Amino acid sequence: MYNNNMGPQPGMPRPPGNPQPGPFGNPFTGPASGFIRGGLGAYGERILGSSSEYVQSNITRYFSDPQYYFQVNDQYVRNKLKVVLFPFLHRGHWARISEPVGGRLSYKPPIYDINAPDLYIPFMAFGTYVVLAGLSLGLNGKFSPEALNWLFVKGLVGWFLQVMLLKVTLLSLGSAEAPLLDIVAYGGYAFAGLCLAGFAKIMWGYSYYALMPWTCLCTGVFLVKTMKRVLFAEVRSYDSSRHHYLLLFLALVQFPLLIWLGNISVNWLF
């Protein structure tokens, strides 16, 4: 008869014995396990939470909410175009309207503030610029899909140069707090004036030579006033003469940049 009480036979593995606890016990299975796991969990949540808040704050700081820039209506579009195309007639202030949101200072959307940047007008103006460029090429018998494609790229390059110009100007004055989409919007308003000049060129060629300098002047004035009152609001100390020279340079650069963009030809480099 087989005896279950017999010891292990030679050659057979021994069953594992109960491990002896260390002098301090197992920290993850002993009485203090709940305290340690809770502490590690709280520490991990704090790290992840702070990282998430840091990322979210930087996204909001530099990119903002894209939906914010499309909260517009017909009245805003009309008034904004008047400010962009005729900045000398704008009698109100240029500062944006702020409001507290979630314990932080924010700005009202474009539908409630004429000085707020939007992306609706720049995108619509850019599309109109491309359409007018294609129409102008067609009327001169130079239209082709390749030429229109190059003009589209030319417009994007001009927009990019405008954004880089504004960004470098901000950095030169020690201000880098403006969200990127704000700068993209301000740089894109130049296409509104280009559309006006392009349409005039199609209707009557000679009017282009009168409207193009006006477009460059008004765009420069608009950007100078916007940079001075809105984007430089957080700059507390700066060299006054340097400030004015940079703003003057920003206004003067609009002439060669917009004239280059307004020159509709097959060779988009000129």
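These figures come from a predicted structure and were not determined experimentally. (Residues numbered from 1 in each chain as written. Predicted model: local features only at pLDDT ≥ 70, side-chain atom pairs only at ≥ 80, totals over all residues. Heavy atoms only, no water.)

**Side note on the overall build of the protein**
(1) Moving on: Check the secondary structure of the protein and you find eight helices and two strands.
(2) Moving on: The burial tally for the protein puts 36% of its 270 residues in the buried class.
(3) Moving on: Counting only contacts in the protein whose residues sit at least 6 apart along the sequence, the fraction spanning at least 24 positions is 73%.
(4) Moving on: In the form shown here, the protein has an accessible surface area of approximately 16,800 Å², with 65% of it arising from carbon and sulfur atoms. (Helix = DSSP H or I, 4+ residues; strand = E, 2+ residues; numbered from the N terminus. Buried < 20%, exposed > 50% of the residue type's maximum accessible area, 1.4 Å probe, protein only. Contact = heavy atoms within 4.5 Å. Areas by Shrake-Rupley, 256 points an atom, 1.4 Å probe, with all protein chains shown as cover.)

**Some words on the nonpolar core**
(1) Moving on: In terms of nonpolar packing, the biggest core is built from 46 residues, with Tyr129, Phe191 and Phe222 touching the most fellow members.
(2) Moving on: Among the elements that line this core, the one with the most residues is helix H3 (residues 120–139), at eight residues.
(3) Moving on: Not counting the four nearest positions on each side in its chain, Tyr129 is found in contact with Leu151, Lys154, Gly155, Phe191, Leu194, Cys195, Leu261 and Ile264.
(4) Moving on: Tyr68, Ala116, Leu181 and Ala185 belong to the second-largest nonpolar core, a separate cluster that totals six residues. (Core = buried A, V, L, I, M, F, W, Y, C linked by side-chain atoms within 4.5 Å.)

**Quick word on the UniProt feature "transmembrane region" (unreviewed entry) in the protein**
(1) Moving on: As recorded in UniProt, the feature "transmembrane region" (unreviewed entry) lies at residues 119–139, 151–173, 206–224 and 245–266.
(2) Moving on: In residues 119–139, the share of helix is 95% and the share of strand is 0%. The end C-alpha atoms are 30 Å apart.
(3) Moving on: The span residues 151–173 shows a helical share of 96% and a strand share of 0%, and its end C-alpha atoms are spaced 33 Å apart. (UniProt positions renumbered as here; feature names shortened; annotations may be inferred.)

**Topic: the packing of aromatic side chains**
(1) Moving on: In total, this model carries 16 aromatic pairs according to the counting rule given.
(2) Moving on: An angle of 65° between the planes, with centres 5.7 Å apart, marks the rings of Phe123 and Trp159 as edge-to-face. In this pair, Phe123 sits in helix H3 while Trp159 sits in helix H4 (residues 145–172), placing the two residues 36 residues apart along the sequence.
(3) Moving on: Taken together, a centroid distance of 6.1 Å and an interplanar angle of 65° make the contact between Trp204 and Tyr206 edge-to-face.
(4) Moving on: The exposure class of Trp204 is exposed, given its relative accessible area of 56%.
(5) Moving on: What makes Tyr206 exposed here is its relative accessible area of 65%.
(6) Moving on: Ring-pair connections join several aromatic residues into one group, and the members of that group are Phe70, Phe123, Phe126, Tyr129, Phe152, Trp159 and Phe191.
(7) Moving on: Its end group placed over the ring of Tyr107, Arg96 keeps NZ or CZ at 4.3 Å from the ring centre.
(8) Moving on: Lying over the aromatic face of Tyr208, Lys201 brings its terminal NZ or CZ to 4.8 Å of the ring centre. (Phe/Tyr/Trp six-rings, centres within 6.5 Å; stacked < 30°, edge-to-face > 60°. Lys NZ or Arg CZ within 6 Å of the ring centre and 35° of its normal.)

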